[in-house]
Amino acid sequence: MSKVKLPVPPPVQHYARCVDDSRRPSDHIGDWPKAGHVYPIQVRRNARTGLPQIHVLGFYAEQPYGAFARHRFETVAEVWLN
């Protein structure tokens, strides 16, 4: 039996409330979160900087990259999917 473990994310769905919808970039093309609304999210690391960023599931963003800074959201729920 192999002792190699593949990096599998836990079966968890996170939800976060948008707390800061200000300073939308003028060149942003796509969906933008609204303050007070709760969204299903994923937290992923930026490939270049390594800093965690928020990806809102179901949002469309064409330009720039469709990720948001962590300070714009607060986690409100974590649901285990099993």
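Scoring rules and cut-offs
Residues numbered from 1 in each chain as written. Predicted model: local features only at pLDDT ≥ 70, side-chain atom pairs only at ≥ 80, totals over all residues. Heavy atoms only, no water. Helix = DSSP H or I, 4+ residues; strand = E, 2+ residues; numbered from the N terminus. Rg over C-alpha atoms; globule rule 2.2 N^0.38 Å. Buried < 20%, exposed > 50% of the residue type's maximum accessible area, 1.4 Å probe, protein only. Areas by Shrake-Rupley, 256 points an atom, 1.4 Å probe, with all protein chains shown as cover. pLDDT = per-residue confidence, 0-100. Polar contact = N/O pair within 3.5 Å; in protein donor to acceptor, adjacent residues only side chain to side chain. Contact = heavy atoms within 4.5 Å.

Enquirer: How should I be thinking about the overall build of the protein chain in this particular structure?
Expert: Looking only at helices and strands, the protein chain has zero helices and six strands in total. Sequence-ordered secondary structure for the protein chain, helices as α and strands as β, is β-β-β-β-β-β. Its C-alpha radius of gyration of 15 Å places the protein chain more than 25% over the 12 Å reference for a compact globule of 82 residues. Dimensions along the principal axes, computed over C-alpha positions, put the protein chain at roughly 55 × 30 × 20 Å. The burial tally for the protein chain puts 23% of its 82 residues in the buried class. A total accessible area of about 6200 Å² is found for the protein chain, and carbon and sulfur atoms account for 55% of it.

Enquirer: What is the right way to read the confidence of the model for the protein chain from this model?
Expert: Low-confidence regions, as indicated by low pLDDT, have predicted coordinates that should not be scrutinised in detail. Taken over all residues, the pLDDT of the protein chain has a mean of 88, while the share at 70 or more is 94%. The lowest-confidence element of the protein chain is strand E5 (residues 61-63), averaging 77 in pLDDT; the highest-confidence one is strand E1 (residues 12-18), averaging 96.

Enquirer: In this structure, what is going on with the side chain of Arg72? I would like to understand it.
Expert: The residue Arg72 is located in the loop between E5 and strand E6 (73-80) in this model. A distance of 3.1 Å separates the side chain of Arg72 from the backbone oxygen of Asp20, its partner in a polar contact. In this structure, Arg72 is in contact with Arg17, Cys18, Val19, Asp20, Asp21, Ser22, Arg23 and Trp32, ignoring residues within four places of it in sequence.

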